[in-house]
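# Structure at a glance
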Amino acid sequence: MQYISTRGNAPVLSFEEAMLTGLAGDGGLYVPETVPTLSADDIRAMNGQSYEEIAFRVMRPFVDATFSDDDFRAIIARAYEGFGHLARAPLTQLDTNHFLLELFHGPTLAFKDFAMQLIGQLFQTALARRGERVTIVGATSGDTGSAAIEAFRGLDNVDVFILFPHGRVSEVQRRQMTTPAESNVHALAVDGDFDDCQAALKEMFADHDFRDEVRLAAVNSINWARVLAQVVYYFSSAVSLGAPDRKVSFTVPTGNFGDIFAGYIARQMGLPIDRLVVATNQNDILHRCLSGQGYRKGETRPSVSPSMDIQVSSNFERALFDAYGRDGKAVAQLMDELKTGGFDVSQGAMEYLTEIFDSGAASEEETLKTIAETLRDSAELICPHSAVGVKVAKALRDTDVPMITLATAHPAKFPAAVEEASGQHPPLPPRMADLYDRPERVTRIANDLAALKQHIRGMRSK
Ligand SMILES: *Cc1c(COP(=O)(O)O)cnc(C)c1O
């Protein structure tokens, strides 16, 4: 299996290379040259299998010769053993034919754990075999950093440094980053805001001497391996509701289009998905685009679902690549136009996209109201991101087709908004109840590139 860039001007890579590289050299994103398909019998045979077994069967064809079957099974087993639920991604029911897919039983209580935990194990196995080490550096406004730290803590061939804005992440988020005791984990509280952290990160990657010296690596949301890990729960949930002999639909609260793009891949692999519904908060560039208003940047407005507060949606480029007939030149041109504001999507591409995707947006008020309603009507306390999904799903779903709405975070991760909406304080799961008692370890550091580089040089394992 080979991977090609959405902008058509970067080397073709193997799974291992695409995973370790992340972004393509031409600025594009890696996608598989062809998407492997599973037959109806293959899908039927997943019925009653463990999450790990389904993960193996779904991802195996994409990974190809990079790992042996035994190694790949061991990687998957280690990735999900730390989850707080044996089903890994259990379904609960909200209403007749409306289900919630709980993706928040991982170590940081959000769906990003599904991808990050797997990527940690994939990196470790590949690096150990190559006899290499890398330094992962990331910038976070909260969620991604904790997921990365949880994924790489204690792994021999990786150091992980996470930059976060001092005083500007929630206490749960900070403690998730500062309480792991392993010596390869480094939480850095930068005196600045999230944009400062991101700018510092960008400059480190642009400094080729530094990049080579510490073997800098990134695991941001455009990494193909992250998308791949998320394809699995579309299969596991659909199969438990009768796929392939019954169609299901999905509603996905989304910002960067990563999670819903994984659903699109599941559909291409042969999973009978009726509709894929994009649910955005008030930062609704995707909803506007899919409603025919072009793809145009707006101002990012902070919301109660902060993990979906984005200006542009990086993974959408992968969908555009297919919608434009896999014409990398056309995509490169669109992305150029995006730099100066945006572009109109061609009629043919719009037809391609709307054949598969529906979309809707939830306002702040609707989001909070949905949290209260869901508690009242279905006795489930949901996080604000999941509430965006539930609101849009209720508005758009065909009640004859099972709708699965993805619940992307545990309500205890966003206690303020949940309590404001419902009057209930969401407790942490018992396995994390001591989070507030664990000792913290963090380095406060000036918003100064030279100081950051010096610190990373000095602290990484040699
Ligand atoms: C990251 C995140 C999202 C958005 O996911 P995308 O892959 O960017 O679409 C939604 N909800 C939560 C809780 C998240 O952390």
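Residues numbered from 1 in each chain as written. Predicted model: local features only at pLDDT ≥ 70, side-chain atom pairs only at ≥ 80, totals over all residues. Heavy atoms only, no water.

## Some points on the overall build of the chain
Within the chain, the secondary structure is distributed over 19 helices and 15 strands. Over its C-alpha trace the chain gives a radius of gyration of 21 Å, about what one expects of a compact globule, namely 23 Å for 462 residues. The C-alpha extent of the chain, read off along each of the three principal axes, is 60 × 50 × 50 Å. Sequence-distant contacts in the chain: of pairs separated by 6 or more residues, those separated by 24 or more amount to 75%. When the accessible surface of the chain is split by element, carbon and sulfur atoms take 47% of a total near 17800 Å². (Helix = DSSP H or I, 4+ residues; strand = E, 2+ residues; numbered from the N terminus. Rg over C-alpha atoms; globule rule 2.2 N^0.38 Å. Contact = heavy atoms within 4.5 Å. Areas by Shrake-Rupley, 256 points an atom, 1.4 Å probe, with all protein chains shown as cover.)

## What about the site of the ligand?
Within the structure, the ligand sits among 15 residues, and K112, T254, G255, N256 and T408 are positioned closest to it. At 3.4 Å, a backbone N or O of G258 approaches an oxygen atom of the ligand. For the ligand, whose accessible area on its own is 380 Å², the fraction buried by protein is 96%. Of the residues contributing to the shell around the ligand, the split by class is five nonpolar, seven polar and three charged. (Near = heavy atom within 4 Å. Polar contact = N/O pair within 3.5 Å; in protein donor to acceptor, adjacent residues only side chain to side chain. Nonpolar A, V, L, I, M, F, W, Y, C, P; charged D, E, K, R; others polar.)

## Considerations on the pairing of strand β5 (residues 134-139)
With six of its six residues buried, β5 lies for the most part within the structure. Alternating residues of β5 divide into V134, I136 and G138 and T135, V137 and A139, and every residue in both groups is buried. With helix α6 (residues 143-152) bridging β5 and its parallel neighbour strand β6 (residues 158-165), the resulting β-α-β unit is right-handed. (Buried < 20%, exposed > 50% of the residue type's maximum accessible area, 1.4 Å probe, protein only. Right-handed = clockwise from strand over helix to strand, strands pointing away.)

## Notes on the sheet that holds strand β10 (residues 273-280)
Taken together, the six strands give an open sheet; going across it, the order is β3-β4-β14-β9-β10-β13, and neighbouring strands pair in mixed fashion. Because the sheet does not close on itself, it has two edges, and the strands there are β3 (91-95) and β13 (357-361). Going from strand to strand, the sheet's axes swing by 25° on average, the running direction of each strand aside. Where β3 meets strand β4 (residues 98-102), four bridges bridge the pair, whose relative direction is antiparallel. Bridging across to β4, T92 finds its partner in L100. (Pairing = 2+ DSSP bridges. Axes fitted to C-alpha atoms, helices over the stretch in contact; angles between N-to-C directions.)

## Some points on helix α13 (residues 316-323)
Counting buried residues in α13 gives eight out of eight residues, a clear majority hidden from the surface. Residues of α13 that are buried include every one of F316, E317, R318, A319, L320, F321, D322 and A323, and no others. Phi turns positive one or two residues past the end of α13, at G325, with a value near 65°.

## As for the UniProt feature "domain: Threonine synthase N-terminal" (unreviewed entry) in the chain
Using the residue numbers shown here, the UniProt feature "domain: Threonine synthase N-terminal" (unreviewed entry) corresponds to residues 2-80. Helix makes up 47% of residues 2-80 and strand makes up 8%, while its end C-alpha atoms are separated by 27 Å. (UniProt positions renumbered as here; feature names shortened; annotations may be inferred.)

## As for the pattern of salt bridges
Per the counting criterion, the structure on display carries 33 salt bridges. The shortest N-O distance in the salt bridge between R130 and E16 comes to 2.7 Å. With R130 in helix α5 (residues 112-130) and E16 in helix α1 (residues 15-21), this residue pair connects regions lying 114 residues apart in the sequence. Residue R130 is classed as partly exposed on the basis of its relative accessible area of 40%. Exposure remark for E16: the relative accessible area of 11% places this residue in the buried category. Between D245 and R44 there is a salt bridge, with its nearest N and O atoms 2.9 Å apart. In this pair, D245 sits in the loop between α10 (224-240) and β9 (248-253) while R44 sits in helix α2 (residues 40-44), placing the two residues 201 residues apart along the sequence. Through salt bridges that share partners, E16, R129, R130, E132 and R215 make up one connected network. (Salt bridge = Lys/Arg side-chain N within 4 Å of Asp/Glu carboxyl O.)

## Details of the packing of aromatic side chains
Applying the stated criterion across every chain yields a total of 20 aromatic pairs. Geometrically, the ring pair formed by F56 and F72 is tilted, given 6.0 Å between the ring centres and 45° between the ring planes. Here F56 is found in helix α3 (residues 51-63), whereas its partner F72 is found in helix α4 (residues 69-80), with 16 residues between them in sequence. Taking the relative accessible area as the measure of exposure, F56 reaches 8% and is therefore buried. A ring pair is formed by F114 and Y233, whose centres lie 5.1 Å apart and whose planes are at 75°; its orientation type is edge-to-face. One end of the pair, F114, is in helix α5; the other, Y233, is in helix α10, with 119 residues separating them in the sequence. Among the aromatic residues, ring-to-ring pairing joins Y51, Y80, F83, F114, Y233, Y234 and F250 into one connected group. Stacked on the ring of F56, the Lys or Arg R73 has its end atom at 3.8 Å from the ring centre. One cation-aromatic arrangement involves K453 over F210; the distance from NZ or CZ to the ring centre is 5.7 Å. (Phe/Tyr/Trp six-rings, centres within 6.5 Å; stacked < 30°, edge-to-face > 60°. Lys NZ or Arg CZ within 6 Å of the ring centre and 35° of its normal.)

## Digging into unusual backbone geometry
Residue P244 is reached from A243 by a cis peptide bond, and omega for that bond is 5°. Mapping P244 onto the fold places it in the loop between α10 and β9. Unusually for a residue other than glycine, D64 sits at a positive phi of about 60°. Inspection of the secondary structure puts D64 in the loop between α3 and α4. Residue class for D64 comes out partly exposed when judged on its relative accessible area of 36%.

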